Amino acid sequence: MGRKRLGDILVESGLISEEQLQEALVEQKKSKLKLGDHLLQQGYITEQQLIEILEFQLGIPHVSLYRFKMDPSLSSIVTEEVAKRYSLIPLKKEGNRLTVAMVDPLDYFAIDELRLSTGFVIEPVIATRDEVHRAISRMYSMQGSVKELMEKMEIDEIEESRIVDEDSPIVRLVNQMFEQAVQLRASDIHIDPQEDGVRIRYRVDGVLRTERVLPRHMIGILTARIKIMSNLNIAERRTPQDGRIQMHVDYKEIDVRVSTLPTIYGEKIVMRLLDISNALIEIDKLGLTNRNLAYFRDLVNRPNGIMLVTGPTGSGKTTTLYAALNHLNQEDVNIITVEDPVEYQLEGINQVQVNDGIGMSFASVLRSILRQDPDIIMVGEIRDRDTAEIAIRAALTGHQVLSTLHTNDAVSSVTRLLDMGIPPFLLASSLNGVLAQRLVRRICKECKQEVAATEQEKALFAQRGLTVETLWRGTGCGSCSMTGYRGRLAVHESFRMDDTLRQMMIQRLPAGEYKKHAVKNGMVLMFDDALLKVRQGFTTLEEIYRIALPE
């Protein structure tokens with residue numbers, strides 16, 4: 001009954017048509033999802049629209065849990081298992097009434113079960129899925145584990161059972177840390193020992209923020225647990241170590257790269273989270289404009305030569321290269337990669353991990369690879385002259401080579417390679433083209449609002465030959481933790497080699513000359529590509545000024 005009502009309400013409100021509803025009802029039976037979830041997944045409605053409809057049509061209040069002070073005593077009334085199963089969180093009790101925030105306040109089955117198990121009259125309010133799941137983490141997860149760990153512990157007296165036993169508080173605490181990171185879509189977890197405590201910080205959409213502070217004496221046992229998980233040496237606390245953890249969190253396979261660094265207050269640990277399920281994306285989902293997409297496809301499909309993807313650390317270069325490899329991955333080609341480390345495992349591709357400790361550097365592995373009859377070679381990064389020279393010689397002998405380089409824009413990769421000591425004639429005849437990229441935060445779809453452009457903003461667009469009347473902003477909501485941004489997208493700059501550029505290279509002209517020629521031939525500068533994405537409502541001017549400046 002409740003389900004049908006939601007469908008009818010959405011049709012009456014004009015958010016979906018009767019045909020879409022009937023189609024969704026049929027599909028929803030197959031997918032076993034609730035109707036609301038199915039419509040959200042198909043993109044027919046946004047979570048914010050759903051909340052507004054339920055709020056106005058059925059009078060169910062909407063609460064923002066982001067700054068809501070949780071009452072930990074309620075965790076004894078509603079168990080964590082029930083909260084997770086039905087995506088709900090108890091907020092407050094007054095007399096015999098219990099207010100519960102729910103993702104789906106029309107789930108009468110859940111409300112009945114709560115009423116019977118708690119003995120309270122249940123008053124549902126609505127909140128977004130992300131907020132509810134985050135609140136569950138805040139209320140149940142770390143509370144108990146930290147409490148149990150509060151007795152003072154030193155690393156010397158850590159018993160093995162404490163850091164291995166699945167039911168021990170430290171094991172639960174670390175697992176909850178990963179669960180929370182996955183819910184927040186964090187790319188990194190930083191464990192920072194400071195004088196006043198241990199800061200747990202998450203990097204979300206490229207920005208670090210402190211999630212909680214633990215007592216300082218917990219650093220020893222925390223470090224020990226993470227080292228056990230990543231097969232590192234617990235006894236060695238004076239030198240940096242690198243390890244890896246593979247685990248399942250919320251039915252997702254997560255690959256975690258672990259790096260430890262001794263500091264004056266203990267070992268700082270940084271963990272990079274790689275979500276394997278999100279690893280492979282299609283070339284046309286990279287957010288390239290039509291022109292850049294055509295250039296990139298052309299470069300990727302060349303039978304030989306070298307193609308570079310450039311940008312600073314954490315600008316999504318590897319994701320772009322993997323999209324290219326995924327596109328090229330056919331049964332009739334031999335693809336070999338040399339990476340440090342192998343980030344995602346790709347089916348049907350031979351991946352080799354660099355290990356300087358045993359003499360397996362990029363250059364030495366590349367030499368061996370050339371004896372393995374490859375068609376396509378991906379070199380994780382060109383770091384030195386040796387690697388650059390072998391990659392270029394491989395490109396000249398009929399192989400297709402894809403690699404990355406750390407440069408700020410596309411054309412400066414030419415001067416970087418020349419500065420490494422690559423002879424200009426070799427580079428001119430092997431380089432096919434370059435794609436430079438950076439990541440900017442995407443405006444949150446849930447709280448996105450159109451605003452009139454200021455005179456200053458209009459003038460900025462006019463300088464670049466663009467007109468704009470309105471721009472978009474995220475006002476901040478529970479889904480984006482009040483930041484106004486959720487997720488990221490790439491902005492690009494790309495050029496292909498031509499005979500004029502080859503001549504310029506051989507004459508070793510300054511980088512500015514290459515850029516002038518490329519722009520004359522239609523290259524769109526990264527700042528202009530970013531401006532177009534601001535005009536289309538994907539990101540904001542503040543974001544693009546963070547990563548690029550007009551030239």
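Rules and cut-offs
- Residues numbered from 1 in each chain as written.
- Predicted model: local features only at pLDDT ≥ 70, side-chain atom pairs only at ≥ 80, totals over all residues.
- Heavy atoms only, no water.
- UniProt positions renumbered as here; feature names shortened; annotations may be inferred.
- Helix = DSSP H or I, 4+ residues; strand = E, 2+ residues; numbered from the N terminus.
- Core = buried A, V, L, I, M, F, W, Y, C linked by side-chain atoms within 4.5 Å.
- Buried < 20%, exposed > 50% of the residue type's maximum accessible area, 1.4 Å probe, protein only.
- Contact = heavy atoms within 4.5 Å.
- Pairing = 2+ DSSP bridges.
- Axes fitted to C-alpha atoms, helices over the stretch in contact; angles between N-to-C directions.
- Domains from an automatic or database assignment.
- Polar contact = N/O pair within 3.5 Å; in protein donor to acceptor, adjacent residues only side chain to side chain.
- 1 Å grid on protein atoms, 1.4 Å probe; cavity = no way out; pocket = protein on both sides within 12 Å on 5 of 7 lines; lining within 4 Å.
- Points joined across faces, edges and corners; volume = space filled by probe spheres on them.
- Parallel < 35°, antiparallel > 145°, perpendicular 65-115°, else oblique.
- Left-handed = near helix turned anticlockwise from the far one by under 90°.
- Phe/Tyr/Trp six-rings, centres within 6.5 Å; stacked < 30°, edge-to-face > 60°.
- Lys NZ or Arg CZ within 6 Å of the ring centre and 35° of its normal.

1. Points about the UniProt feature "domain: Bacterial type II secretion system protein E" (unreviewed entry) in the protein chain
- UniProt annotation of "domain: Bacterial type II secretion system protein E" (unreviewed entry) refers to residues 370-384 when read in the numbering used here.
- With 0% helix and 27% strand, the stretch residues 370-384 has end C-alpha atoms that lie 18 Å from each other.

2. What to know about the nonpolar core
- Residues I306, I382, L417, L427, L431 and F495 are the most contacted members of the largest nonpolar core, which totals 61 residues.
- For this core, the element with the highest residue contribution is helix α14 (residues 385-396), accounting for 6 residues.
- Excluding residues that lie within four positions of it along the chain, L427 makes contacts with I392, V414, L417, L418, I422 and M505.
- Within the second largest apolar cluster, 33 residues are counted, among which are A186, V249, V258 and M271.

3. Topic: the sheet that holds strand β7 (residues 241-249)
- Pairing in this open sheet of 6 strands is antiparallel, and the strands run β6-β5-β4-β9-β8-β7 from one edge to the other. For this open sheet the edge positions go to β6 (207-214) and β7, each flanked by a neighbour on one side alone. Averaged over all pairs of adjacent strands, the angle between their axes in this sheet comes to 20 degrees, without regard to strand direction.
- Pairing of strand β4 (residues 186-194) with strand β9 (residues 266-275) involves 4 bridges; the strand directions are antiparallel. Its bridge partner lying in β9, I189 is registered against M271.
- Sheet strands in contact with helix α10 (residues 219-229) are β4, β5 (197-204), β6, β7, β8 (252-263) and β9, and its direction is about 40 degrees off that of β9.

4. Observations concerning the domain arrangement of the protein chain
- With domains assigned, the protein chain is organised as domain 1 (6-135), domain 2 (156-275) and domain 3 (283-440 + 489-524).
- For domain 1 and domain 3, the distance between their C-alpha centroids amounts to 48 Å.

5. Brief notes about the side chain of E179
- Relative to the elements of secondary structure, E179 occurs in helix α9 (residues 169-183).
- Among the polar contacts made by the side chain of E179, one reaches the side chain of K84 at a distance of 3.5 Å.
- Filtering out sequence-adjacent residues up to four positions away, E179 remains in contact with K84 and V249.

6. Observations regarding the environment of S479
- Relative to the helices and strands, S479 is located in the loop between β17 (470-474) and β18 (485-496).
- Separated by 351 residues in sequence, S479 and T128 place their C-alpha atoms 6.7 Å apart.
- Discounting chain neighbours no more than four positions away, the residues touching S479 are E47, T128, D130, E131, R134, C444, E446 and R486.

7. Thoughts on the sheet that holds strand β11 (residues 335-339)
- Strand order across the open sheet formed by 7 strands is β12-β11-β13-β14-β10-β15-β18, with mixed pairing between neighbours. Every other strand in the sheet has two partners, leaving β12 (350-353) and β18 as the edge strands with one partner each. Neighbour to neighbour, the strand axes of the sheet diverge by 20 degrees on average, direction disregarded.
- The sheet contact formed by strand β13 (residues 376-379) and strand β14 (residues 400-405) spans 4 bridges and is parallel. Note on β14: the bridge partner recorded for I376 is Q400.

8. Quick word on the environment of N521
- Tracing the backbone through its elements, the reader meets N521 in the loop between α19 (511-520) and α20 (526-535).
- Considered as a pair, N521 and F495 are 26 residues apart in the sequence and their alpha carbons are 9.0 Å apart.
- Those residues within four positions of N521 in sequence are excluded, and the remaining contacts are R291, Y295 and D498.
- A polar side-chain atom of N521 sits 3.1 Å from a polar atom in the side chain of D498.

9. Remarks on unusual backbone geometry
- At the junction of D340 and P341, the peptide bond is cis and its omega measures out at -10 degrees in the coordinates.
- With respect to the element layout, P341 can be found in the loop between β11 and β12.
- Not every positive phi belongs to a glycine, and S87 is a case in point at roughly 50 degrees.
- Following the sequence through the fold, S87 ends up in the loop between α5 (80-86) and β1 (88-94).
- By relative accessible area, which is 9% here, S87 ends up buried.

10. Observations regarding α10
- Counting buried residues along α10, 10 of its 11 residues qualify, which places the element largely inside the surrounding structure.
- Taken together, the buried positions of α10 are occupied by I219, G220, I221, L222, T223, A224, R225, I226, K227 and M229.
- Just downstream of α10, N231 is the residue with a positive phi angle, here 55 degrees.

11. Description of empty space enclosed by the protein
- Applying the stated rule across the entire model yields 1 cavity of 30 Å³ or more.
- Here the largest cavity defines a volume of roughly 30 Å³.
- Forming the boundary of the largest cavity are L471, W472, R473, V534, T539, T540 and L541.
- It is β17 that provides the largest number of residues to the lining of the largest cavity, a total of 3 residues.

12. A look at the packing of helix α13 (residues 362-369) against α14
- Between α13 and α14, whose axes approach to 8 Å, the crossing angle comes to 20 degrees. Comparing the axis directions of α13 and α14 gives the class roughly parallel. Our pair here, α13 against α14, has a crossing hand that is left-handed. Along its contact with α13, which presents F362, A363, L366 and R367, the element α14 presents D386, T387, I390 and A391.

13. Considering the packing of aromatic side chains
- In this structure the tally under the stated criterion is 2 aromatic pairs.
- On the basis of an interplanar angle of 65 degrees and a centroid distance of 6.5 Å, the ring pair of Y86 and F109 is categorised as edge-to-face. Here Y86, found in helix α5, pairs with F109, found in helix α6 (residues 108-118); they are 23 residues apart in sequence, far enough to count as distant.
- For Y86, a relative accessible area of 11% translates into the label buried.
- Seen in terms of ring centroids, F527 and Y545 are 5.6 Å apart; in terms of plane orientation they differ by 65 degrees. Their pairing is edge-to-face. In this pair, F527 sits in helix α20 while Y545 sits in helix α21 (residues 541-547), placing the two residues 18 residues apart along the sequence.
- It is K448 that lies over the ring of W472; its NZ or CZ is 5.0 Å from the centre.

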